[in-house]
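# What the coordinates show
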Amino acid sequence: MARVKKSRVNRSAGGDISLLLVVLLFAFLMVIPMYYAIIQSLKPLDELWIFPPRFWVANPTFKNFQDLFQNLNDSWVPFSRYIFNTLFVSIVGTFGHVIIASMAAYSLSKKRFMGSNFVFSIIVLSLMFTTAVTGIPTFMVMKNMHFIDTYWSIILPAFSSSLGLYLMKQHMEAMVKDAIIEAAKIDGAGEMRIFWTIVMPMVKPAWLTLIVFSFQGLWNATGATYIYSEDLKSLNYAVSQIVSAGIARAGTAAASIVFMMILPIAVFVFSQSSIVETMSSAGIKE
Amino acid sequence: MKFKLKRDRDQEPRRKLTKKEIATRIWNDRVAYLMVLPYFALFVCFTVIPVLISIFYSFTDFNMIQTPNFVWFENYTRLFLRDDIFLIAIRNTVILAGVTGPIGYLLCFFFAWALNEFTPKVRAVLTLMFYAPSISGNAFLVFTLLFSGDSYGFINAWLIKLGVINSPILWFQNTQYMMPLVIVVLLWTSLGTSFLNFIAGFQGVDRTYYEAAAVDGIRNRWQELWYVTLPLMKESLMFSAVMSITGAFSIGPTIDGLVGFPSTGYAVHTIMHHLNDYGGQRFEMGYASAIATLLFVLMVVCNKVIQKLIRKVGN
């Protein structure tokens, strides 16, 4: 603490306070909509119909969440099925992405093989556009591979997300010293062994980051383009349907929004420091 | 000339390898190739091939049923000369991406810098508050509750109560309000990966630089930011710029969630929507591919130009 105090040169009390006020004001603005979603989701029916709507809740209840699960469980495709679909896709996709991207990142950062620079440069190029642009040809590719209307149409593209590979590669380059790998080689360890027992434990923050990013992406994926069977559709899709139902289900709609945001936020809270550490080596080198 | 000098200094003179030497090299690195292979195969399938297919079909009149004919640049000339909606889409994309991209980038930078002034615990809490909207997927849909078109929507109800309006406003169907509202929501979700990257970037700056700068006559935090911190953070600036630009162009789904597709009066119809319209609804694949190719080129060019500009920081 003392060190922090001492290093704070060029700071004035007035500046500190006004900066704090500006930041708090904006933080407040960022949180208001989420706060509104939470109080709406906790309002009992009679409070939802008070005019004008209140910005607090007098008798909080979990009725809306119960409705979300119970009433929708009676619908054609039960709500729990959407949850299962999204969880399955998120977990398998994330797991595969971390392993496949880490292996490739290790090879690209530590083995200077012929063509490695070329491979990496097209991956960096792919960071510069969204895959949404290529939705139609991707559909054709999927159709030829018979992945349409299966979980694989969401999972396989997630395996090859370029942001994950990029972050992992940069982090390995910064954190894993060549000398350690050389030493392991002299001791007789094979490439796969070096990768699993030496490199991967050293880049733990990076794979935690990949887990968080990949999970967020898949958790929020709609996948509506590649999947048309109702019982394979995602949670995000179901939630948008509920929200668009309008005022009759205002409470349930808010509950479903809250339900969607709990998990990504919780995951981020636990991994924040790892993500920041990974990001510190993410810069694009000239 | 410059290039030549650099090569002489950095590399041994390059000799053409014989086929046999290439084969041995590849064989020696076989494990490295095998480790990249699973990733790269999927990457080629779902990223490289689709881009190539898109470019190829953009020169044809492919419609999913008949064999495609080559029409060369007809799709492109039609886009610019005979498609009024496309011109609206360009205008909207320029406005939406041009406002939310740069402002989002500056917000990320400013708040990351401001948060760096606080103690680690306060910083962690504030980081979560700013970052949460961009990760919680559908959370932006809460704006459809706040700005709901009926009189029980929060904004409408209070405006009626206070006597500002007499009847509820259909916020997301009224062409007058759609654009500004969409911009607000997009900015609300814009503090994503770029923001985290800046947070890390500011933490990575060695504090001794600040002390040295104070001795050299830097007087306040603004001078410190401009003369000391910014030049040290070039790599973060570049990476965040890429993230912000890509984000600014992938706003389609958020807009769909707010105003539906197609939007009323094409008020927030972007190039991405135009692409979905022709590709996903009308199945004019050749034409849609031309739109996709243009959008692709636009994004990559934007990125390259911005990177050129950022390289100049501090020089």
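Residues numbered from 1 in each chain as written. Chains lettered and ligands numbered in written order. Predicted model: local features only at pLDDT ≥ 70, side-chain atom pairs only at ≥ 80, totals over all residues. Heavy atoms only, no water.

## Things to note about the overall build of chain B
Worth spelling out the cut-off: Runs of E in the DSSP output that reach at least two residues are strands. Runs of H or I that reach at least four are helices, and both are numbered from the N terminus. We take the radius of gyration over the C-alpha atoms and set the globule estimate at 2.2 Å times the residue count to the 0.38 power. Three labels apply to residues, based on accessible area from a 1.4 Å probe with only protein chains included: buried if under 20% of the type maximum, exposed if over 50%, partly exposed otherwise in between. Any two residues whose heavy atoms approach within 4.5 Å are treated as being in contact. Reported accessibility uses the Shrake-Rupley method at a 1.4 Å probe radius. Residues are deemed covered only where the shown protein chains occlude them. Just so you know, the count uses Lys and Arg for positive and Asp and Glu for negative, and it drops His and the chain ends. For this purpose, a charge sits on NZ of Lys, CZ of Arg, CG of Asp or CD of Glu.
Within chain B, the regular secondary structure consists of 16 helices and zero strands. Taking 315 residues into account, the globule formula puts the C-alpha radius of gyration at 20 Å, and chain B, at 25 Å, lies well above it. Per-residue burial for chain B yields a buried fraction of 49% across its 315 residues. In chain B, once contacts between residues fewer than 6 apart in sequence are set aside, the share between residues at least 24 apart is 66%. Summed over all atoms, the accessible surface of chain B reaches about 15,900 Å², with 63% contributed by carbon and sulfur. Once the 27 positive and 19 negative side-chain charges of chain B are each reduced to a mean point, those two points are 7 Å apart.

## As for the packing of helix α7 (residues 135-144) of chain A against helix α3 (residues 30-57) of chain B
How two helices pack is summed up by the angle between their axes together with the distance between the axes. Operational definition: Helix axes are fitted to C-alpha atoms over the stretch in contact, other axes to C-alpha atoms as well, and angles between N-to-C directions run from 0 to 180 degrees. In a left-handed crossing the near helix is turned counterclockwise from the far helix by less than a right angle, and in a right-handed crossing that turn is clockwise. Only Asp, Glu, Lys and Arg are considered charged in this grouping, and only Ala, Val, Leu, Ile, Met, Phe, Trp, Tyr, Cys and Pro are considered nonpolar; every other residue, Gly among them, is considered polar.
α3 of chain B packs onto α7 of chain A with a crossing angle of 115° between their chain directions and a minimal axis gap of 8 Å. The handedness of the crossing between α7 of chain A and α3 of chain B is right-handed. Contact residues: P137, T138, M140, V141 and M142 of chain A in α7 of chain A; C45, F46, I49, P50, I53, S54 and Y57 of chain B in α3 of chain B. For the contact of α7 of chain A with α3 of chain B, the residue count by class is 10 nonpolar, two polar and no charged.

## Description of unusual backbone geometry
Note the cis peptide between F261 of chain B and P262 of chain B, where omega equals -5°. Here P262 of chain B lies in the loop between α14 (252-259) and α15 (271-281). If you check the backbone angles, H146 of chain A has positive phi at about 60° while not being a glycine. Structurally, the position occupied by H146 of chain A is in the loop between α7 and α8 (152-159). Positive phi, close to 55°, is recorded for Y266 of chain B, a residue that is not glycine. For Y266 of chain B, the position within the fold is in the loop between α14 and α15. A relative accessible area of 26% means that Y266 of chain B is categorised as partly exposed.

## Regarding the packing of aromatic side chains
As a reminder, the rule being used: Aromatic pairing here means that ring centres of Phe, Tyr or Trp (its six-membered ring) are within 6.5 Å. Orientation follows from the plane angle: under 30 degrees is stacked, over 60 is edge-to-face, and everything else is tilted. Placement of a charge over a ring requires the Lys NZ or Arg CZ to be within 6 Å of the ring centre, with the centre-to-atom vector within 35 degrees of the ring normal.
Per the stated rule, a full pass over the model turns up 42 aromatic pairs over all chains. For the ring pair F84 of chain A and F88 of chain A, a centre distance of 5.9 Å and an interplane angle of 25° mean the geometry is stacked. Here F88 of chain A and F84 of chain A lie together in helix α5 (residues 79-110), a separation of four residues that amounts to about one turn. Taken together, a centroid distance of 5.0 Å and an interplanar angle of 45° make the contact between W113 of chain B and W222 of chain B tilted. A residue pair is termed long-range when its members are at least 10 positions apart, and W113 of chain B in helix α5 (residues 84-115) and W222 of chain B in helix α12 (residues 221-232) qualify at 109 residues. Judged by its relative accessible area of 4%, W113 of chain B falls in the buried class. Here the aromatic cluster, defined as three or more aromatic residues joined through ring pairs, consists of F26 of chain A together with F110, F111, W113, F130, F195 and W222 of chain B. Sitting over the ring of Y287 of chain B, R78 of chain B keeps its end group 3.7 Å from the ring centre. Taking the ring centre of Y278 of chain B as reference, the NZ or CZ of R282 of chain B above it sits at 4.4 Å.

## A closer look at the interface of chain A and chain B
Accessible area lost on assembly of the parts is the figure often given for the size of an interface. For clarity, the cut-off: Here the quantity called buried area is the total loss of accessible area, with a 1.4 Å probe, experienced by two parts when brought into contact, counted for both. For this document, the term salt bridge refers to a Lys or Arg side-chain nitrogen within 4 Å of an Asp or Glu carboxyl oxygen.
Across the contact, 102 residues belong to chain A and 101 residues belong to chain B. Interface area for chain A against chain B, summed over the two sides, is near 8,900 Å², with a carbon-plus-sulfur share of 78%. In this assembly, chain A and chain B are joined by one salt bridge. One salt bridge in this structure joins R221 of chain B and D16 of chain A, with 2.9 Å as the shortest N-O distance.

## Examining the environment of S234 of chain A
All names here are of chain A. Quick note on the threshold: In protein, a polar contact means a hydrogen-donor-capable atom and an acceptor-capable atom, both N or O and within 3.5 Å, with residues adjacent in sequence counting only if both atoms are side-chain atoms; elsewhere, any N or O pair within 3.5 Å suffices.
Note on placement: S234 falls in the loop between α12 (204-219) and α13 (235-243). For S234, a relative accessible area of 10% translates into the label buried. Residues S234 and S281 lie 47 residues apart in sequence; the distance between their C-alpha atoms is 34 Å. When neighbours within four sequence positions are excluded, S234 is seen to be in contact with Y82, T86, A221 and T222. Within the structure, S234 has its side chain in polar contact with the backbone oxygen of A221 (distance 3.1 Å).

## A few points about the pattern of salt bridges
Applying the stated criterion to the full structure yields 10 salt bridges over all chains. When the shortest N-O distance is used, the salt bridge between K63 of chain A and D67 of chain A registers 3.0 Å. Of the two residues, K63 of chain A and D67 of chain A are both situated in helix α4 (residues 63-73); the distance of four residues between them amounts to about one turn of the helix. Looking at K63 of chain A, the relative accessible area reads 44%, which means it is partly exposed. A residue is classified by how much of its surface remains accessible, and D67 of chain A, at 17% relative accessible area, is buried. In this structure, a network of salt bridges that share partners links the residues D16 of chain A together with E117 and R221 of chain B.

## Some points on the packing of helix α11 (residues 207-215) of chain B against α12 of chain B
All names here are of chain B. Viewed as axis vectors pointing N to C, α11 and α12 meet at an angle of 145°, and their least axial separation amounts to 11 Å. Once α11 is placed against α12, the crossing between them reads as right-handed. Together, Y209, Y210 and A213 of α11 and E224, V228, T229 and L232 of α12 make up the contact between the two elements. Along the lines of polarity and charge, the residues of the contact of α11 with α12 split into five nonpolar, one polar and one charged.

## Points about the confidence of the model for chain A
As a reminder of what qualifies: Here pLDDT means the predictor's own confidence in every residue, given as a number from 0 to 100.
Here chain A shows a mean pLDDT of 84. Residues at 70 or above account for 94%. Predicted confidence for residues 1-7 of chain A stays below pLDDT 50, and this span has four contacts to residues more than four positions away or in other chains.

## Some thoughts on the environment of E74 of chain B
Within the secondary structure, E74 of chain B sits in helix α4 (residues 74-81). Taking the relative accessible area as the measure of exposure, E74 of chain B reaches 47% and is therefore partly exposed.

## Comments concerning the side chain of T278 of chain A
Residues and elements named next belong to chain A. Relative to the helices and strands, T278 resides in helix α14 (residues 250-279). Looking at T278, the relative accessible area reads 0%, which means it is buried. Here the side chain of T278 touches A206 through a polar contact of 3.3 Å, landing on its backbone nitrogen. Those residues in contact with T278 that sit more than four places away from it in its chain are L167, H171, P205, A206 and T209.

## Concerning a nonpolar patch on the surface
All names here are of chain A. The criterion, for reference: Exposure above 30% relative accessible area and the lack of any salt bridge qualify a residue for a patch; like charges then connect within 9 Å, and the nonpolar side chains Val, Leu, Ile, Met, Phe, Trp and Tyr within 5 Å.
On the surface, V22, L25, F26 and L29 cluster together into a nonpolar patch covering about 330 Å² of accessible area. Summarising the element assignment, F26 is placed in helix α2 (residues 13-42). Classification of F26 by relative accessible area gives partly exposed; the value is 33%.

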